[in-house]
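Fold and geometry: a report
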There are 4 protein chains.
Amino acid sequence: MIKAGIIGSTGYAGQEIVRILLGHKDAEIKWYGSRSYIDKPYADVFQNMFKLVPDICKGEDLEALCNEVDVVFTATPQGLCSTLVSESVLERVKIIDLSADFRIKDVATYEDWYGLKHGSPQYIEEAVYGLCEINREKIKKARLVANPGCYPTCSFLSIYPLARAGLIDMRSIIIDAKSGTSGAGRGAKVANLFCEVNESIKAYGVAGHRHTPEIEEQLSLASGQKALINFTPHLVPMNRGILVTAYANLTKEVTEAELRVLYEEAYKEEQFVRFLKEGVNPETRWVEGSNYVDVNIKYDSRTNRVVMMGAMDNLVKGAAGQAVQNMNLMFGLPENEGLRMPPVFP
Amino acid sequence: MIKAGIIGSTGYAGQEIVRILLGHKDAEIKWYGSRSYIDKPYADVFQNMFKLVPDICKGEDLEALCNEVDVVFTATPQGLCSTLVSESVLERVKIIDLSADFRIKDVATYEDWYGLKHGSPQYIEEAVYGLCEINREKIKKARLVANPGCYPTCSFLSIYPLARAGLIDMRSIIIDAKSGTSGAGRGAKVANLFCEVNESIKAYGVAGHRHTPEIEEQLSLASGQKALINFTPHLVPMNRGILVTAYANLTKEVTEAELRVLYEEAYKEEQFVRFLKEGVNPETRWVEGSNYVDVNIKYDSRTNRVVMMGAMDNLVKGAAGQAVQNMNLMFGLPENEGLRMPPVFP
Amino acid sequence: MIKAGIIGSTGYAGQEIVRILLGHKDAEIKWYGSRSYIDKPYADVFQNMFKLVPDICKGEDLEALCNEVDVVFTATPQGLCSTLVSESVLERVKIIDLSADFRIKDVATYEDWYGLKHGSPQYIEEAVYGLCEINREKIKKARLVANPGCYPTCSFLSIYPLARAGLIDMRSIIIDAKSGTSGAGRGAKVANLFCEVNESIKAYGVAGHRHTPEIEEQLSLASGQKALINFTPHLVPMNRGILVTAYANLTKEVTEAELRVLYEEAYKEEQFVRFLKEGVNPETRWVEGSNYVDVNIKYDSRTNRVVMMGAMDNLVKGAAGQAVQNMNLMFGLPENEGLRMPPVFP
Amino acid sequence: MIKAGIIGSTGYAGQEIVRILLGHKDAEIKWYGSRSYIDKPYADVFQNMFKLVPDICKGEDLEALCNEVDVVFTATPQGLCSTLVSESVLERVKIIDLSADFRIKDVATYEDWYGLKHGSPQYIEEAVYGLCEINREKIKKARLVANPGCYPTCSFLSIYPLARAGLIDMRSIIIDAKSGTSGAGRGAKVANLFCEVNESIKAYGVAGHRHTPEIEEQLSLASGQKALINFTPHLVPMNRGILVTAYANLTKEVTEAELRVLYEEAYKEEQFVRFLKEGVNPETRWVEGSNYVDVNIKYDSRTNRVVMMGAMDNLVKGAAGQAVQNMNLMFGLPENEGLRMPPVFP
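About the criteria used
- Residues numbered from 1 in each chain as written.
- Chains lettered and ligands numbered in written order.
- Predicted model: local features only at pLDDT ≥ 70, side-chain atom pairs only at ≥ 80, totals over all residues.
- Heavy atoms only, no water.
- Helix = DSSP H or I, 4+ residues; strand = E, 2+ residues; numbered from the N terminus.
- Rg over C-alpha atoms; globule rule 2.2 N^0.38 Å.
- Buried < 20%, exposed > 50% of the residue type's maximum accessible area, 1.4 Å probe, protein only.
- Contact = heavy atoms within 4.5 Å.
- Areas by Shrake-Rupley, 256 points an atom, 1.4 Å probe, with all protein chains shown as cover.
- Lys, Arg positive; Asp, Glu negative; His and termini not counted.
- Charge placed at Lys NZ, Arg CZ, Asp CG, Glu CD.
- Buried area = accessible area lost by both parts, 1.4 Å probe.
- Salt bridge = Lys/Arg side-chain N within 4 Å of Asp/Glu carboxyl O.
- Polar contact = N/O pair within 3.5 Å; in protein donor to acceptor, adjacent residues only side chain to side chain.
- Axes fitted to C-alpha atoms, helices over the stretch in contact; angles between N-to-C directions.
- Parallel < 35°, antiparallel > 145°, perpendicular 65-115°, else oblique.
- Left-handed = near helix turned anticlockwise from the far one by under 90°.
- Nonpolar A, V, L, I, M, F, W, Y, C, P; charged D, E, K, R; others polar.
- Domains from an automatic or database assignment.
- Least-squares fit on C-alpha atoms with pLDDT ≥ 70 in both.
- Pairing = 2+ DSSP bridges.
- Phe/Tyr/Trp six-rings, centres within 6.5 Å; stacked < 30°, edge-to-face > 60°.

Concerning the overall build of chain A
Helices and strands together make up the secondary structure of chain A, namely 12 helices and 13 strands. Over its C-alpha atoms chain A spans a radius of gyration of 20 Å, differing by no more than 12% from the 20 Å that the globule rule assigns to 346 residues. Taking all 346 residues of chain A together, 68% fall into the buried category. Sequence-distant contacts, at least 24 apart, represent 71% of the contacts inside chain A between residues at least 6 apart. Carbon and sulfur atoms make up 49% of the accessible area of chain A, which amounts to about 10700 Å² in all. Averaging the coordinates of the 38 positive side-chain charges in chain A and doing the same for the 44 negative ones gives two points 2 Å apart.

See the structure below:
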């Protein structure tokens, strides 16, 4: 039985790790870390866990935690994990970091976009970018996994087969993404009140969102070319779900059928990526509560562009689900253990 | 492995049975019945099931069905199941009827409130009212279970301990209930369009809703007195969830603590009924996607009334979850098999 | 041209006064008071007012304000207005207080339910309860109007004709009310975040909500008997709207037609109270953005109870609209000036 | 007093014309046309109009209608208006067509994208494209106005200043648009049920939506170059509102300030187009219920692209409001008569 600790267990992503691990055969949570609710029953913070989680929230003492668990999930603000990691820590536990601290290989890029001094740049090289479908073998051997961002996961998996095939101009990509409000976190802000979000949609972080360099880095690795993108996220009045609509110029004339073969090839062995039938657009309602990413494309012969679409649950495949998928890989378990739940609809 | 057939698998409740049984260790679905989508892939109707359910929808030929399965769920409009049941059917399969056909013991009451001629009154006596917490032992031996209505389940479990104890005036009960829109079904009606339901709340079926006699019958059985209630359901702009707020006059002076003991006593062995801490009101968000009913009470000394509250997911404990709970009891399986999923929040 | 000042103009109710007065022929806003946004452009706080309101938010200096305006709206937390009012103030301006400070005639009841010491009990007697349909003549002469609470307005108008007629047992009334989330204000609280409110419904303030004594006082005045009620508000995932479902025992046998006559009689001259056709239930979607209250009843012969229903926009008739209606009366203007906008649907 | 008739008054756009004209000083509705609700009281179809509209729905007999009114709004499916228009009609009334029949000058393009045979191509030349900000003078003299589509209005006004200035590559434009569900109409379809739309977002009509040629034609006219675009609409779980996020490559190096000047110049005299402050993104909540379009841009120096954003209410500026704005121009009234209502928030 794998013993898990969660730093930041009282955020939305942290709570989703709890939900998933409660259904995991081979893992149990031994440490519910929380800065805000220390000494309070976890089920008082998330009443859905009443009678399911009897535990009391603890602090974020990583030293103590390392002696009690095998794996630590850090579902915390940017900059915290990088200050906590050390050789002593990594010798005792595996770390799955849901923050951005170890996702970007170029430390200057990280520090520039995040406005932070990196706390332990010496581990960036070692850290594995935990996009399971791409880095499966490396993840299996990793001590430190950088769990991908929600927008990067959905964006990358929507574009990857064409980027890899060299069929799209890597400087023409435009990613227009839409996210449910749980992505904004559980902090008490006027902008995230029900009446402010409901019955509205807006773009935010236009031309400056921090997930931009992460997406560019991964697309560059996949294509072998320097990707330069426009990425625009939007806030949608729904709890969960990310939809990506991405556009790119094709580098040569193709047919939709040729493009489809590349997706089928790329994802034919992947349980959690569903390449939809021709003409069926991804919708977030069909993946809610599950670890699936639904992907499809549409070729536009008028403009010789391709529209690439992906839908997933931002809290599952975009955070907690992928973190557990990573844990499964790191501990030699079936990759889908704890993650077999079908999407919940409606 | 229990083989299950679902008549009406393409409604919301039918699809929820599918979702739950996909995670059930000891059951598999062999027949996806649907009047509207016959010969169409099930996953085309519910895209969340893509790659999970490869089956094609079949019709409602109960004779054929009975030879292929061990249990049949009928998630169909009122009046259908009662015309399908026969001795020949009941000798071969167990029936769990999600419609109202066998819930009410008095056939005249059924025919009066539903405006239908009952198709097989000879089986009403045999049918067991499938409220597992109350009729567990009878369900274990039943061939035909009448799965309770969503409002009755939530209403009854909120009131039961006080009704049983004789502490409330059974003619003073007022049940004000609120339901998410999945309770209205998947039929294409203007009244259920997004723009008609969103940003609004209304009462419906005032003083005439068909669940009224079902609730009265069960409360009468529990209390040994004739219950006569006002029941008013409301439509709420959300997908899932039922909240019941019930009021009753106390028959003598009590304290809240005395009342609480009765609930604790009634539900201490029940996994799926959570009697909340004092002062914590049930909220539908905390039970979504799960088989839990959250219950609590508040005593009002000013009026000597008690306010009894219950929250549950109308599609799970209010329909598909309870149906599977019944199936588990009927086949000698652990009562919670397939039903251990924690509530999904947010 | 009436000059108006608003203390608390950056809350939801304050902003709604702004919206309404922008369409008012005979009034203009001269003072946008705000504790939180002082010196900030009003249209930066509420971007809908961009290019419509060029003003900068000012503080809450009532002395200065009194010299610049003819009427002051206080859309502030309980307890503030009563500390600001004085003879010097009332000699210069009329006050319409949207808080609860002057609604309840019995100061001990106020202090008990609100947990506050009243700041100027000497004005309670003079203050007129600003329910225009009931106290029209008194309001015309008032210097200080206590604008009714949202729940009390909708509850009272739903019940009033039967209370006045002595046809219902004033100790049997149960009011189950449902409100959109704007009623909870614009404060940054976790409980009011989008993801916490969306897809959920809950009761709150059960047996203890502060609007209870206000409703009881008004119903007692209307009926000439001591009203003792249960009042339970609920939070609904929508922006605006209040729905009241009220229940009472009839004191004698009646027909629905007899009851309907009383409502028709009571409201036949009232522009803003719409008594609906028989069988049509009030729905909040049909009053949104307007000053209407839609009312209807259903007699239940089984229980000899009446179900009284009302729907209105909590920010309009429940706050800002009624406040402007009061202003119109106080200044001898047409009662509906600025309030003729039809409901906005969908 | 202008007498107006509405063909298709019981759709969402038709009803919005009613709402707006009820507040219009110089117009009154004399004919509520409806195919589905003929002979039924209008206020039974839209209960918000109870006591405001006493009229009964009539049919679509344009001959009869022409003798009773001065202007006819056709808020009907594509293809109807073009079969109704004739010289006899145009001699008697002015027509404002909310369908697409007369928007596109090239009849082959219309017939190709709409899959219809045009019913009266001889009037296409005469018809004026009713985008008031662009064609104001022509509209004043028109007999037949083609009211623009919702997406084209918002898209065009977001892009127009840069298209006109020749600063963007007209073959690089990508328009990613998001609409509330009222845009899908009031037809009873499963896909538009509350539970199907709520908690989800999807693209539709990818690379094939009918508004594409309309946008291209207008952008081509504005720029003097052939525009070739990708246009992708999305369905958002909200009632009203359209948000456009458009991307284009700049044809030379610029600064954001230079781009801003072009917008300020283009819209400085326009009451209904609000060019927002730098850094403030348009959000649909700030325009709801009003005739405003909020526009802003963001220059991305990394990619040398500009992101152009626009938000408006699809039923007002995107349909009924613009139709009334056109009527005002055609009849020599103040352009904003009946359209001065501020946005409703929240």
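Digging into the interface of chain A and chain D
Listed per partner, the contact involves 48 residues of chain A and 48 residues of chain D. With both sides pooled, the region where chain A packs onto chain D buries about 4100 Å², and carbon together with sulfur makes up 53% of that total. When the area that chain A buries against chain D is broken down by residue, the three leading residues are E199, I201 and R302 of chain A, summing to 17%. At the boundary of chain A and chain D, one finds six salt bridges. One salt bridge connects D176 of chain A with K178 of chain D, and the closest N-O pair in it is separated by 3.0 Å. Counting every contact that joins chain A to chain D gives 34 residue pairs in polar contact (both at pLDDT 80 or more). Those elements that provide at least two residues to the side of chain A that touches chain D are β7 (174-179), α9 (194-197), β8 (202-203), α10 (211-223), β9 (230-235), β10 (242-249), β12 (293-300) and β13 (305-312) of chain A. Looking at the side of chain A that touches chain D element by element, the count peaks at four residues for β7 of chain A.

Some points on the packing of helix α1 (residues 12-22) of chain C against helix α12 (residues 316-330) of chain C
Residue and element names in this part refer to chain C. Between α1 and α12, the least distance of the axes is 9 Å, while the angle of their chain directions is 50°. As the angle between them shows, α1 and α12 are arranged oblique. Of the two possible hands of crossing, α1 and α12 adopt the one that is right-handed. Mapping the contact onto sequence places A13, E16, I17, R19, I20 and L21 in α1 and V316, A319, A320, G321, V324 and M327 in α12. In terms of residue class, the contact of α1 with α12 is made up of nine nonpolar, one polar and two charged.

Here's the deal with the domain arrangement of chain A
Residue and element names in this part refer to chain A. Taken domain by domain, chain A consists of domain 1 (2-126) and domain 2 (151-314). Placing the centre of domain 1 and that of domain 2 at their C-alpha centroids yields a distance of 27 Å. Between domain 1 and domain 2, the residue contacts involve 15 residues of the former and 13 residues of the latter. Approximately 1200 Å² of surface area, both sides summed, lies buried where domain 1 meets domain 2, with 51% of it carried by carbon and sulfur atoms. For the pair domain 1 and domain 2, the number of links is two salt bridges. Residues E214 and R103 are paired through a salt bridge, measuring 3.1 Å at the closest nitrogen-oxygen approach. Elements with a minimum of two residues in the side of domain 1 that touches domain 2: α1 (12-21) and α6 (107-114). Among the residues forming the side of domain 1 that touches domain 2, the class breakdown is seven nonpolar, three polar and five charged.

Notes on the relation of the copies chain A and chain C
Here two copies of a chain appear, and what relates them is a rotation about an axis with a shift along it. Rotating chain A by 180° about the axis while translating it 0.0 Å along that axis superimposes it on chain C, leaving an RMSD of 0.0 Å. Taken together, the rotation and translation describe the operation of a two-fold axis.

What about the interface of chain A and chain C?
Contacts between chain A and chain C engage 19 residues on the former and 19 residues on the latter. Both sides of the chain A and chain C interface together cover about 1700 Å² of buried area, and 61% of this is carbon and sulfur. Our enumeration of links across chain A and chain C arrives at two salt bridges. Between E196 of chain C and R186 of chain A there is a salt bridge; the shortest N-O distance is 2.8 Å. The interface formed by chain A and chain C contains eight residue pairs in polar contact (both at pLDDT 80 or more). For the side of chain A that touches chain C, the element with the highest residue contribution is α9 of chain A, accounting for four residues. Here the residues of the side of chain A that touches chain C sort into nine nonpolar, six polar and four charged.

Some words on the sheet that holds strand β6 (residues 144-146) of chain A
All names here are of chain A. Pairing is parallel in the open sheet, where six strands are placed in the order β2-β1-β3-β4-β6-β5. The open sheet has two edge strands, β2 (27-32) and β5 (128-129), and neither has a second partner. Across five bridges, strand β1 (residues 2-7) lies against β2 in parallel orientation. Residue pairing for β2: I2 is matched across the bridge by A27.

Looking at the environment of V293 of chain C
All names here are of chain C. You can see V293 is positioned in strand β12 (residues 293-300). A residue is classified by how much of its surface remains accessible, and V293, at 0% relative accessible area, is buried. On a C-alpha basis, the gap between V293 and G310 in space is 6.6 Å, while along the polypeptide they are 17 residues apart.

Points about the relation of the copies chain A and chain D
Expressed as a screw operation, the relation of chain A to chain D combines 0.0 Å of axial shift with a rotation of 180°, fitting to an RMSD of 0.0 Å. Of the interface residues in chain A, 100% have counterparts in chain D that sit at the interface too, so the contact is made through matching surfaces.

Side note on the side chain of N239 of chain D
Its location among the elements puts N239 of chain D in the loop between β9 (230-235) and β10 (242-249). In contact with N239 of chain D, other than residues within four places in its own chain, are E199 of chain A, F194, C195, N198 and E199 of chain B, P346 of chain C together with G180, T181 and S182 of chain D.

As for the pairing of β12 of chain C
Residues and elements named next belong to chain C. With seven of eight residues buried, β12 lies mostly within the body of the structure. Inspection of the sheet shows strand β11 (residues 273-275) paired to β12 by three bridges, in the parallel sense. Bridging from a neighbouring strand, V273 pairs with V293 of β12. As defined by bridge partners, β12 adjoins strand β13 (residues 305-312) across eight bridges and the pair is classed as antiparallel. When the bridges of β13 are listed, V295 appears paired with G310. As consecutive antiparallel partners, β12 and β13 are separated by four residues, and within that stretch N304 has a phi angle of approximately 55°, a positive value.

Thoughts on unusual backbone geometry
Between F345 of chain A and P346 of chain A the backbone carries a cis peptide bond, its omega angle lying at -5°. Here P346 of chain A is to be found in the segment after α12 (316-330). One non-glycine residue with positive phi stands out, namely E199 of chain D, at about 60°. Along the chain, E199 of chain D turns up in the loop between α9 (194-197) and β8 (202-203). Residue E199 of chain D is classed as buried on the basis of its relative accessible area of 3%.

Things to note about the packing of helix α8 (residues 150-164) of chain C against helix α11 (residues 256-267) of chain C
When two helices pack together, their arrangement is given by the angle between the helix axes and by the axis-to-axis distance. All names here are of chain C. The contact between α8 and α11 brings their axes to 9 Å, and the two run at 110°. Classified by the angle their axes make, α8 and α11 are roughly perpendicular. Seen along the crossing, α8 lies across α11 with a hand that is right-handed. Every residue of α11 that contacts α8 at L157, S158, I159, Y160, P161, L162 and R164 is listed here: L259, L262, Y263, A266 and Y267. Of the residues that constitute the contact of α8 with α11, the class distribution is 10 nonpolar, one polar and one charged.

Some remarks on the pattern of salt bridges
Under the defined criterion, the tally for this structure stands at 97 salt bridges over all chains. In this structure, E216 of chain A engages R302 of chain D in a salt bridge whose closest nitrogen and oxygen atoms are separated by 2.5 Å. Of this pair, E216 of chain A sits in helix α10 while R302 of chain D is found in the loop between β12 (293-300) and β13 (305-312), placing the two residues in two different chains. Among the ionic contacts, a cluster of salt bridges with common partners joins E16, R19, R240 and D313 of chain A.

Remarks on the packing of aromatic side chains
In the structure shown here, the tally under the stated rule is 50 aromatic pairs over all chains. The interplanar angle of 55° and the centroid separation of 6.0 Å between the aromatic rings of F345 of chain A and F46 of chain B together place this pair among those described as tilted. Taken together, the residues F345 of chain A in the segment after α12 and F46 of chain B in the loop between α2 (42-45) and α3 (62-66) connect one chain to another. The class for F345 of chain A is buried, based on a relative accessible area of 1%. Ring geometry for Y42 of chain B versus F46 of chain B: centroids 5.7 Å apart, planes at 45°, classification tilted. For the pair formed by Y42 of chain B and F46 of chain B, the shared burial category is buried. An aromatic cluster is defined as three or more aromatic residues linked by ring pairs; in this entry it consists of Y12, Y32, Y42 and F46 of chain A together with W286 and F345 of chain B.

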